[in-house]
Amino acid sequence: MISVGVRSTEQSGYRVLTPTSSVFAEEKAGFAGIRFTMKRIVVYCLQGTFTQAYKECGYSKDKHADWGGRLEKMMKIVELISVGTEILLGNIVNTNAAFLAEQCAAMGLSNYYQVTVGDNEKRLFDTIQTAIDRSDIVILSGGLGPTQDDLTKETVAKVFGKELVEDSRTRKQIAEFFEKRGIKPTDNNWKQALVPKGAIVVENPNGTAPGLIVEAGEKCAILLPGPPNELIPMFRDSIMPYLNQKEEGIIYSKTVKICGMGESKVESEITDLLERQVNPTIAPYAKTGEVHLRVTAKAVDEKNAKKLLKPVVKELKARFGSNIYTTEEAVTLEQAVVDLLLANQLTVSTVESCTGGMVAARLINVPGVSEVFKSGQITYSNKAKRKFAGVKRSDLEKFGAVSEEVAKDMAKGAAMLTKADVVISVTGIAGPDGGTADKPVGLVYIGCYVKGKITVKKFQFSGSRAKIRENSVSAALTLLRHCVLEYYSEITFQKK
């Protein structure tokens, strides 16, 4: 096990443990000689089990009670409560919890508990009370609607001992919301204008249920509407600034997005950085066909946080090179591809079999794509491949529809038909049936035509039909981007 030096630092209003090096380091700030194993200290601190941390390093809690007590007291703990019987029954996927957990982690908040509770007042009351007792910030999502089983606001008010009062501004916004749509509100819609007395009302431009912040001393409950299209913008635009204002410093993040490399490969390239990180920190996140590295710095202000981030991001760019497609949080892989096409004035077409138009759909998600996108074809059958993509009958008979030769024919044929500068072709076996020993389920060939040059790559994906198709789309976009970059790199080299 790796022994590390540990020091206690006070940042953003709470204390955090940070390793100082990959070997034991003497701490001059009063805790010299304390040894922690990396794995165990991380686990114990995440669990809040500080007593066990003392035992692990061979020290008694009494001897270090003051240090441990201050550490435990200063850490900001957030708890997430998802409200809704439909979540418990599996009728909907709880994407809100995943979003909120990721955002809270990026802000440096410790999240020890996530709870889902149904639309039952007693169980909801007990859940909120427990959360308030053990956490500093409780974020609740759902249960703010106008119906009788929407109980979140009413129950929070009871837990905090506050009466509900009508907020005139919210009532006016609800009236305007329905008036714009030519709909007459029902009596229960006005229920959404009631708020706990003294609460901070958070406007909701995307719906009728406002968000709420209820404070009591050092504790607070944050109530968010359940629909993700309302919750996400409200959290980003209003709740994040509120939480940042409660801290003395700020937390600033930048996401380095990588395509064309797996998570294990990416992590192996930055093991040294991960082992010695203090501030900023690097957190890897695996996405479909991508790996995101969130680099987070804590500082007194944004300017200083950016200064801390700059050398780390620079080092990541040096290590991953063109595999990095953006460092902007809002930029997706498809947007990076479209931006690349626009910058080089290249048109694109797609010809797809097993992905059934999913590559075209991802590209068309990007505003402004009409400047470069020419056409998208789905050539699922062999007949369609011959008729609309110019695939040779002899290649189909000799090599089969899922083959390097057919992927190449599809790309070349679509380029000739649509006169596009760039064409991406996909043919594969998405399953669950249709696989053989020679061509198993998950076998996919992706072709890319760029100005006369054709590249074909073979992939072997695993998982469900949906997962294989999603991976194929990400791989197609990655290959398209790589081939365009390679084409212009070759042209530039030849000119020199």
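Residues numbered from 1 in each chain as written. Predicted model: local features only at pLDDT ≥ 70, side-chain atom pairs only at ≥ 80, totals over all residues. Heavy atoms only, no water.

Draft legend 1. Broad picture of the confidence of the model for the protein. Confidence in the prediction of the protein, expressed as mean pLDDT, is 85, and 84% of residues score 70 or more. Low pLDDT, under 50, characterises residues 1-74; the predicted model gives this stretch 124 contacts beyond four residues in sequence or across chains. (pLDDT = per-residue confidence, 0-100. Contact = heavy atoms within 4.5 Å.)

Draft legend 2. Molecular detail of the side chain of Thr418. Tracing the backbone through its elements, the reader meets Thr418 in helix H17 (residues 404-418). Among the polar contacts listed, one links the side chain of Thr418 to the backbone oxygen of Ala414, at a separation of 2.7 Å. Those residues within four positions of Thr418 in sequence are excluded, and the remaining contacts are Ser349, Lys374, Ser375 and Gln377. (Helix = DSSP H or I, 4+ residues; strand = E, 2+ residues; numbered from the N terminus. Polar contact = N/O pair within 3.5 Å; in protein donor to acceptor, adjacent residues only side chain to side chain.)

Draft legend 3. How the structure looks around the sheet that holds strand S19 (residues 422-428). Strand order in the open sheet made by the five strands is S18-S17-S19-S20-S21, with mixed pairing throughout. Unpaired on one side and paired on the other, strand S18 (373-378) and strand S21 (453-460) mark the two borders of the sheet. Ignoring strand direction, the axes of neighbouring strands in this sheet form an average angle of 10°. In terms of strand pairing, strand S17 (residues 348-352) meets S18 through five bridges, oriented parallel. Residue Glu352 lies in a different strand from S18, and its bridge partner there is Ile378. Sheet contacts for H17: S17, S18, S19, strand S20 (443-450) and S21; angle to S19, the most-contacted strand, approximately 145°. (Pairing = 2+ DSSP bridges. Axes fitted to C-alpha atoms, helices over the stretch in contact; angles between N-to-C directions.)

Draft legend 4. Examining helix H7 (residues 152-160) more closely. By the criterion of burial, H7 is predominantly enclosed, with eight of the nine residues buried. In the segment just after H7, Gly161 is the residue with positive phi, at about 70°. (Buried < 20%, exposed > 50% of the residue type's maximum accessible area, 1.4 Å probe, protein only.)

Draft legend 5. Here's a closer look at the packing of helix H5 (residues 95-106) against helix H9 (residues 228-245). Following both chains from N to C, one finds H5 and H9 inclined at 20°, their axes separated by 10 Å at the closest point. When the interaxial angle is binned, H5 and H9 end up roughly parallel. Between H5 and H9 lies a crossing of right-handed hand. Along its contact with H5, which presents Thr95, Asn96, Phe99, Leu100 and Gln103, the element H9 presents Pro228, Leu231, Ile232, Phe235, Arg236 and Met240. Grouping the amino acids of the contact of H5 with H9 by side-chain chemistry returns seven nonpolar, three polar and one charged. (Parallel < 35°, antiparallel > 145°, perpendicular 65-115°, else oblique. Left-handed = near helix turned anticlockwise from the far one by under 90°. Nonpolar A, V, L, I, M, F, W, Y, C, P; charged D, E, K, R; others polar.)

Draft legend 6. Molecular detail of the pairing of S21. Bridge count for S20 against S21 is eight bridges, and the pairing is antiparallel. Looking across to S21, one finds that Tyr445 is bridged to Lys458. Between S20 and S21, which pair antiparallel one after the other, the connecting turn spans two residues, and Lys451 there sits at a positive phi close to 50°.

Draft legend 7. Representation of the environment of Thr347 within the structure. Within the element layout of this structure, Thr347 appears in the loop between helix H13 (333-343) and S17. A C-alpha to C-alpha distance of 9.9 Å links Thr347 and Val450, two positions 103 residues apart in sequence. The residues contacting Thr347, other than those within four sequence positions of it, are Val372, Lys374, Lys419, Ala420, Asp421 and Val422.

Draft legend 8. Representation of the sheet that holds strand S10 (residues 200-202) in the model. Taken in spatial order, the six strands of this open sheet run S6-S5-S7-S12-S11-S10, and their pairing is mixed. Of all strands in the sheet, those bounded by a partner on one side alone are strand S6 (110-117) and S10. Pairwise comparison of adjacent strand axes, ignoring direction, gives a mean angle of 15° for this sheet. As judged from the three bridges shared by S10 and strand S11 (residues 211-216), these two strands associate in the antiparallel manner. Looking at the pairing, Ile200 lines up with Ile213 of S11. Where H9 meets the sheet, it contacts strand S7 (137-141), S10, S11 and strand S12 (219-224), and its direction lies at approximately 160° from that of S12.

Draft legend 9. Local environment of the packing of aromatic side chains. Under the definition given, this model contains four aromatic pairs. On the basis of an interplanar angle of 80° and a centroid distance of 5.6 Å, the ring pair of Phe177 and Phe178 is categorised as edge-to-face. For Phe178, a relative accessible area of 11% translates into the label buried. Consider the rings of Tyr487 and Tyr488, whose centres lie 5.0 Å apart with planes at 90°: the pair is edge-to-face. Above the ring of Trp190, the side-chain terminus of Arg171 is found at 4.0 Å from the ring centroid. Across the ring face of Phe177, the terminal group of Arg181 is positioned such that the distance to the ring centre comes to 3.6 Å. (Phe/Tyr/Trp six-rings, centres within 6.5 Å; stacked < 30°, edge-to-face > 60°. Lys NZ or Arg CZ within 6 Å of the ring centre and 35° of its normal.)

Draft legend 10. Expanded view of the packing of helix H6 (residues 121-134) against H7. Contact geometry of H6 with H7 gives a least axis separation of 9 Å together with a crossing angle of 50°. Between H6 and H7, the angle is such that the two are oblique. Here H6 runs over H7; the crossing is right-handed. Contacts between H6 and H7 pair Glu121, Leu124, Phe125, Ile128, Gln129 and Ile132 from the former with Thr152, Thr155, Val156, Lys158, Val159 and Phe160 from the latter. Partitioned by chemical class, the residues of the contact of H6 with H7 number seven nonpolar, three polar and two charged.

Draft legend 11. Highlighting the nonpolar core. Among the nonpolar cores identified, the biggest contains 39 residues, and Leu341, Val359, Leu363, Val422, Ile446, Leu480 and Val484 are the most heavily contacted of them. Ranked by the residues each element gives to this core, the list is headed by helix H18 (residues 465-495), at ten residues. The next biggest cluster of nonpolar side chains, apart from the first, holds 22 residues, and it includes Phe99, Ile137, Ile139 and Leu224. (Core = buried A, V, L, I, M, F, W, Y, C linked by side-chain atoms within 4.5 Å.)

Draft legend 12. Representation of the environment of Pro210. Structurally, Pro210 is set in the loop between S10 and S11. Considered as a pair, Pro210 and Met234 are 24 residues apart in the sequence and their alpha carbons are 9.2 Å apart. Setting aside chain neighbours within four positions, we find Pro210 in contact with Leu144, Thr170, Gln192, Val201, Val202, Asn204 and Met234.

Draft legend 13. Structural view of the pattern of salt bridges. For the structure on display, the rule yields 19 salt bridges. For Glu102, the salt bridge identified is with Lys287, shortest N-O distance 4.0 Å. One end of the pair, Glu102, is in helix H5; the other, Lys287, is in strand S14 (residues 281-287), with 185 residues separating them in the sequence. Between Asp421 and Lys451 there is a salt bridge, with the nearest N and O atoms lying 3.6 Å from each other. Of the two residues, Asp421 is situated in the loop between H17 and S19 and Lys451 in the loop between S20 and S21; the sequence distance between them amounts to 30 residues. Since its relative accessible area comes to 17%, Asp421 is described here as buried. Since its relative accessible area comes to 43%, Lys451 is described here as partly exposed. (Salt bridge = Lys/Arg side-chain N within 4 Å of Asp/Glu carboxyl O.)

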